[in-house]
Amino acid sequence: MSYDLAVIGLGYVGLPLLKEAAAAGLRVIGVDIDASRVNMLNSGKSYVDDISKDDLGEMLAAGFRATTDPASLAESAVITVCVPTPLSDDHGPDLSAVRSAARMIAGCLMPGTLVVLESTTYPGTTEEVVRPILEESGLTAGRDFSLAYSPERIDPGNGQFGLRNTPKVVGGLTESCRDHAATFYGKLVSRVVPTSGLREAEMAKLLENTYRNVNIALVNEMVIFCEELGIDLWETIEAAATKPFGFHKFLPGPGVGGHCIPIDPSYLSHTVRKLGYSFRLAETADEINGRMPKYVASRLQRALNRERKSVNGARVMLLGVTYKPDIADDRETPALPLARELLSLGAELCFADPYIRSWSVDGVSIPAVEAPLYAVHDCDAVVLLQAHSAFDLAAITRHARLVLDTSGLVGRHENVERL
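Computed from a predicted model, the values in this text were never measured in an experiment.

Participant: Which parts of the structure should I look at to understand helix 12 (residues 335–344)?
Facilitator: Helical geometry note: an α-helix holds 3.6 residues per turn, so side chains three or four residues apart project in the same direction. Among the residues of helix 12, those classed as buried are Ala335, Leu338, Ala339 and Leu342. Buried residues along helix 12 cover an arc of 100° about the axis, so they all sit on one side. Looking at the buried positions of helix 12, the neighbouring elements they touch are helix 11 (292–306), strand 9 (315–319), strand 10 (348–352), strand 11 (359–361) and strand 13 (381–384). Remark: Gly346 follows helix 12 within two positions and exhibits a positive phi of approximately 95°.

Participant: Explanation requested: the nonpolar core in the structure shown.
Facilitator: Considering soluble globular proteins, one finds that nonpolar side chains tend to be buried as a cluster. Counting 40 residues, the largest nonpolar core has Leu300, Val316, Leu318, Leu342, Trp359 and Val383 as its most contacted members. Of all the secondary-structure elements, those providing two or more residues to this core are helix 7 (198–229), helix 8 (233–240), helix 11, strand 9, helix 12, strand 10, strand 11 and strand 13. For this core, the element with the highest residue contribution is helix 11, accounting for seven residues. Beyond its immediate stretch of four places on either side in the chain, Val383 contacts Val296, Leu300, Val316, Met317, Leu318, Leu319, Leu338, Leu404 and Thr406. Membership of the second largest hydrophobic core comes to 38 residues, among which are Ile105, Phe145, Leu147 and Leu173.

Participant: Just to check I follow, could you spell out the layout of surface pockets for this structure?
Facilitator: It is a probe the size of a water molecule, rolled over the atoms, that shows where empty space is left. Of the pockets and cavities examined, the largest pocket occupies roughly 1,600 Å³. Lining the largest pocket are 50 residues, with Asp155, Arg212, Ile261, Tyr323 and Lys324 sitting closest to its centre. Those elements giving two or more residues to the lining of the largest pocket turn out to be helix 1 (14–23) and helix 7. Residue contributions to the lining of the largest pocket peak at six residues, all from helix 7. Broken down by class, the residue content of the lining of the largest pocket amounts to 24 nonpolar, 15 polar and eleven charged. If you trace the second largest pocket, you find 33 residues lining it, with Arg37, Cys82, Val83, Pro84 and Arg331 closest to the centre. Those elements giving two or more residues to the lining of the second largest pocket turn out to be helix 2 (35–42) and helix 4 (96–106). Taken together, the residues that form the lining of the second largest pocket break down as 17 nonpolar, eight polar and eight charged.

Participant: I would appreciate a short explanation of helix 9 (residues 264–274) in the present structure.
Facilitator: Helix 9 sits mainly inside the fold: eight of its eleven residues count as buried. Every buried residue of helix 9 is accounted for by Asp264, Pro265, Ser266, Tyr267, Leu268, Ser269, Thr271 and Val272. The inward-facing, buried residues of helix 9 abut helix 7 and helix 10 (280–290).

Participant: So what exactly am I meant to see when it comes to the pattern of salt bridges here?
Facilitator: When the charged atoms of two side chains with opposite charge come close together, those side chains can pair. The final tally for this structure, using the stated rule, is 28 salt bridges. Its salt-bridge partner being Arg164, residue Glu20 comes within 3.1 Å of it at the nearest N-O pair. Highlighted residues: Glu20 in helix 1 and Arg164 in the loop between strand 6 (146–149) and strand 7 (168–172), separated in sequence by 144 residues. Owing to a relative accessible area of 14%, Glu20 belongs among the buried residues under this scheme. Of the charged contacts in the structure, one is a salt bridge between Arg153 and Glu208, with a shortest N-O distance of 2.5 Å. Note that Arg153 is positioned in the loop between strand 6 and strand 7 and Glu208 in helix 7, a separation of 55 residues in sequence. The exposure class of Glu208 is partly exposed, given its relative accessible area of 25%. Within this structure, Glu227, Arg299, Arg302, Arg306 and Glu417 form a network of salt bridges that share partners.

Conventions adopted
- Residues numbered from 1 in each chain as written.
- Predicted model: local features only at pLDDT ≥ 70, side-chain atom pairs only at ≥ 80, totals over all residues.
- Heavy atoms only, no water.
- Buried < 20%, exposed > 50% of the residue type's maximum accessible area, 1.4 Å probe, protein only.
- Helix = DSSP H or I, 4+ residues; strand = E, 2+ residues; numbered from the N terminus.
- Arc of directions from axis to C-beta.
- Contact = heavy atoms within 4.5 Å.
- Core = buried A, V, L, I, M, F, W, Y, C linked by side-chain atoms within 4.5 Å.
- 1 Å grid on protein atoms, 1.4 Å probe; cavity = no way out; pocket = protein on both sides within 12 Å on 5 of 7 lines; lining within 4 Å.
- Points joined across faces, edges and corners; volume = space filled by probe spheres on them.
- Nonpolar A, V, L, I, M, F, W, Y, C, P; charged D, E, K, R; others polar.
- Salt bridge = Lys/Arg side-chain N within 4 Å of Asp/Glu carboxyl O.

Spelled out as structure tokens, the structure:
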């Protein structure tokens, strides 16, 4: 084999995997259908937050290259699938990219290859969707090639936990498939966690993010009635967090975003509905988190009213429109539905985000502010959505007329309203 590892899907999951593999001395190649991405990578330009220009340079020096040609898959001992699994228009699983990747592999699958799906999906996908497509090659999973599932656990922008020091869950179609995958990942990560089967590994990822979604919904619902009760929920949470056992701190916010929390529970709900049940807790959590942008808009409207101003015609600056601080990823960002709501109320919007050059809402271009500290003078209100470290929050707060803080990081000031 020419390559120890081929990764299909060169995004936030695939590139960190290739980085660790290259650092471990493996011969790696990346495959993606997006030619512009491939060209950028081969020219040393990274579009992923967790992969710096220097990281990519080291990968290229170690022999990494990207390609749109799937023929290299036939020369790879291990093939991992790290493609997106978004929601369809009817809010169900969209596995079109997974199926496409599986067909790509089937066209050049060789005996002895290990194939691993890392994309988040519902239990049963690897065996019921991916396996039949791969076996169109004439090879049998578990006998002629190994088939496994290992959920990605990439947290973009997390400087403490990366791929190497985050335990890797691995499940296989058979014990030998699992062991094959565990041996491979053991070269890249500090700890491998084997499961008894594929479905347990697939379910683990959904459990992790449904847990987060439900607990975020808990504090998001509490922040609504705590405001009416005159209770500072942020202070309450910090007080509860002093308990050294039985409590894990979650914070309210303008909504949930990213590639996992808004999507993964829907994949689990899809599985449960096939059994004739409804996953009421997860569905309620989705509903609560989904209405937070509208609640933030209503809080801003009330705050402006207290200043004898209408949201209609008010100049409002949105600070941070990505889905989390200090990354350039705006997938499923709650800033989008919030902006949509404020525009419907007649607000004049602008935004400031050091990671986003241009931003539009339903085809409407929102003006970008390069220096928010100076622009706040011309705004009636500032909504802090993501506290990027590039923002001088103390200075912005001093100069702003009104700040609605959804992050809980701005201290108490007369001109600050905390969510």
